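# Observations on chain architecture
Listed below are the residues making up each chain.
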Amino acid sequence: MKSLHCPRPSRRRFASSVALVAGMALLGTACVPGTDGSGAPGGSGSRGATAMPDPAKAGKVTLTVWDQEVRGGQNAEIERLNDEFQEKYPNVRIKRVARSFSDLKTTLKLAISSNTPPDVIQANQGYPDMVSFVRAGLLTPLDDYAGIYGWNTRYPNTLLDLNRVSVDGARFGTGQLYGLSQAGEYVGVYYNKDVLAKAGVKPPRTWAEFTDALPRLKAKGELPVQFGNLDKWPAIHTFGVLQNQAGDATGTRDTILGRGEGFDNEPTREAARTLADWAERGYIPKGTNGTGYDDATKKFADGQGAFLITGTWLLADLKKPMGDKLGLMVPPPAEAGAAPTTTGGQGLAWSVTSRSKHPDVAAAYLDFITNAHASEVMAEEGVLPVVPGETARKAPAGSADRQLVEGWERLNRDDGLVPYLDYTTPDFYDTLSADLQGVIDGSLSPDELARSMQKEYAGFQEKQRSEFGSDETEGQR
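Residues numbered from 1 in each chain as written. Predicted model: local features only at pLDDT ≥ 70, side-chain atom pairs only at ≥ 80, totals over all residues. Heavy atoms only, no water.

### Quick look at unusual backbone geometry
Under the convention used in this document: Helix numbers and strand numbers start at the N terminus; a helix is a DSSP run of H or I with at least 4 residues, a strand a run of E with at least 2. Buried, partly exposed and exposed residues are distinguished by accessible area as a fraction of the type maximum, computed with a 1.4 Å probe on protein chains only: under 20%, between the cut-offs, and over 50%, respectively.
The backbone of lysine 232 sits at a positive phi, close to 75°, despite the residue not being glycine. Locating lysine 232 in the fold gives a position in the loop between strand 8 (225-226) and helix 10 (233-246). A relative accessible area of 33% means that lysine 232 is categorised as partly exposed. The backbone of aspartate 415 shows a phi angle near 55°, a positive value even though the residue is not glycine. Take aspartate 415: it is sitting in the loop between helix 18 (400-413) and strand 13 (417-418).

Laid out in structure tokens, this is it:
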């Protein structure tokens, strides 16, 4: 997981090094990731960059930026930072193209392969997007910029590692740096305090209390868990939470990173059984595969549903209509006070395309939207920064904002973050999202899901060994 210049850490370092948000920058000083710019599949990028770029001296520049920060708080913080960057550098105009995650995922490769590619994009980590872009030579390695701007000390190595791709393009988590992430993320459990109180249910402290609350809520005429899966990807997050609760989060983490046993196991089947059971018992809405994610979010905000299992990126959108009625918790552990576990890590990486005409200005932009001031702006807009500052920590006790930060710090301190399942193979997002719709509507059994996931994982690992040789994948095991 470390860079090519550092010893490989133990497995448990993946998430624990992500955090301890206050003093985490110190980790980067122990071993600075590579800045030699040695040959990678990506473009020439930052190789040869030795001095901090000055966008003011770049002449008249239009910087085209594609992002997926379309939701309330996310959109607000990036709009503020874009305005501030243009005010600081009047010669630079930011041409922003903002699309939903699904739309961005569908159109991005075509855009950066075109004759007029954007300069900066947000790329999803893992094999489906970032690795494939690197192998196609579409992204710029950022290691020299990381040294110039001090990104190596701003971020812990393990966070940087998630945005790395090996020199041969075989795997992610090691090699050269291809992006920076602004936001920390985890899949949590939002709850409506009024709905719970009306039903006589207290916010659960354990997973058993959570699951026991579902039939009680339904008996009181309340929808236990609001959920919309028309977009397909929401089920990946919900399933990930259930899988983690079923056990062996370390094994799941290792498999996602290409060094595990796979998914043909009891935690995978138990998670699928739980999801199918929720659908059958009416704990999630009938016809949820036909309900959009945003529609489900609005319904929850309107009081339709006691719980909503989704990412921390929704906090600002929910807080505005719900106010003090909104609560947020990390999925509760098996025992009260025990270490929690959930899906999460960091937001999509901001990357520089290999054919950008303004790579120095693009790098300066990446630095600007991820620095300490940017973290304060993000917190003010209800977005969780990777490294929270004073504003985030001063949120009122008991508020959803405070719960957000406390949950992030706890997860990092207790090594409780498991990467997103769709990182696993180039096609895992498509196959898993479709299969989970089948689990929900009853057309795919838990055993069939486990076999399908295992087949996709094993096939990709075999292809890796065939294409890159056993020595290339041995470091992942």
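### What to know about the packing of helix 10 against helix 12 (residues 266-281)
Helix-helix packing is characterised by the crossing angle of the two axes and by the distance between the axes. Convention followed: Think of each axis as a best-fit line through the C-alpha atoms, taken over the contacting stretch in the case of a helix, with angles from 0 to 180 degrees between the N-to-C directions. In this scheme, roughly parallel covers angles under 35 degrees and roughly antiparallel covers those over 145, while 65 to 115 is roughly perpendicular and the rest are oblique. In this scheme the crossing of two helices becomes right-handed for a clockwise turn of the near helix relative to the far one and left-handed for an anticlockwise turn of less than a right angle. The contact rule is simple, with two residues in contact once any of their heavy atoms fall within 4.5 Å.
Contact geometry for helix 10 and helix 12: axes closest at 8 Å, N-to-C directions at 125°. Taken together, the axes of helix 10 and helix 12 lie oblique to each other. For the crossing formed where helix 10 meets helix 12, the hand is right-handed. Counting all contacts with helix 10, which are made through Thr238, Phe239, Leu242, Gln243 and Ala246, the residues of helix 12 involved are Pro267, Thr268, Glu270, Ala271, Ala272, Thr274, Leu275 and Trp278.

### Digging into the layout of surface pockets
For clarity, the threshold we go by: With a 1 Å grid spanning the protein atoms alone, the term cavity applies to any set of points in which a 1.4 Å probe fits but cannot get out, the term pocket to an open set with protein on both sides within 12 Å along at least five of seven lines, and the term lining residue to any residue with an atom within 4 Å of a point. Grid points are joined across faces, edges and corners, and a volume is the space filled by probe spheres set on the points. Note on residue classes: Ala, Val, Leu, Ile, Met, Phe, Trp, Tyr, Cys and Pro are nonpolar, Asp, Glu, Lys and Arg are charged, and everything else, Gly too, is polar.
Of the pockets and cavities examined, the largest pocket occupies roughly 430 Å³. Every residue lining the largest pocket is counted, 25 residues in all, and those nearest its centre are Gln68, Phe101, Trp233, His237 and Trp313. Broken down by element, the residue count for the lining of the largest pocket peaks at three residues, all from helix 10. The class makeup of the residues in the lining of the largest pocket is 10 nonpolar, 10 polar and five charged. Approximately 350 Å³ is the volume found for the second largest pocket. The wall of the second largest pocket is formed by 17 residues, among which Leu328, Met329, Val330, Pro333 and Arg410 lie closest to the centre. Elements that contribute at least two residues to the lining of the second largest pocket include exactly strand 10 (326-329) and helix 18. Sort the elements by how many residues they give to the lining of the second largest pocket and helix 18 lands first, with four residues. Residues belonging to the lining of the second largest pocket are distributed by class as follows: 11 nonpolar, three polar and three charged.

### Details of the sheet that holds strand 1 (residues 61-67)
Hydrogen bonding along the main chain pairs the strands of a sheet, whether they run parallel or antiparallel. Here is the rule: A pair of strands is treated as paired once DSSP finds two or more bridges between them.
What the five strands build is an open sheet, ordered 2-1-3-12-6; its pairing is mixed. Looking along the sheet, the strands with just one partner apiece sit at the ends: strand 2 (92-98) and strand 6 (180-181). By the bridge criterion, two bridges tie strand 1 to strand 3 (residues 120-123) in an arrangement that is parallel. What sits directly across from tryptophan 66, in strand 3, is isoleucine 121. Most of the contacts of helix 2 (residues 72-88) go to strand 2, to which it runs at about 165°, and overall it touches strand 2 and strand 12 (349-352).

### Let's talk about the packing of aromatic side chains
Our working rule: Centre distance within 6.5 Å is the pairing criterion for rings of Phe, Tyr and Trp, where only the six-membered ring of Trp is used; planes under 30 degrees apart are then read as stacked, over 60 as edge-to-face, and the remainder as tilted. A positively charged side chain is recorded as over a ring if its NZ (Lys) or CZ (Arg) lies within 6 Å of the ring centre. The angle to the ring normal must also be within 35 degrees.
Following the criterion strictly, the structure yields 17 aromatic pairs and no others. Both rings, one in phenylalanine 101 and one in tryptophan 233, keep their centres 6.2 Å apart while their planes meet at 75°; by these two values the pair is edge-to-face. Here phenylalanine 101 is found in helix 3 (residues 101-113), whereas its partner tryptophan 233 is found in helix 10, with 132 residues between them in sequence. A relative accessible area of 16% places phenylalanine 101 in the buried class. Among the residues examined, tryptophan 233 registers a relative accessible area of 9% and is labelled buried. Note on phenylalanine 101 and tyrosine 429: the rings are 6.2 Å apart at their centroids and 65° apart in plane angle, and the pair reads as edge-to-face. Placement of phenylalanine 101 in helix 3 and of tyrosine 429 in helix 19 (residues 428-441) is noted, with a sequence separation of 328 residues between them. Assigned by exposure class, phenylalanine 101 and tyrosine 429 land together as buried. Taking NZ or CZ as reference, lysine 105 lies 4.7 Å from the ring centre of tyrosine 429, over its face.

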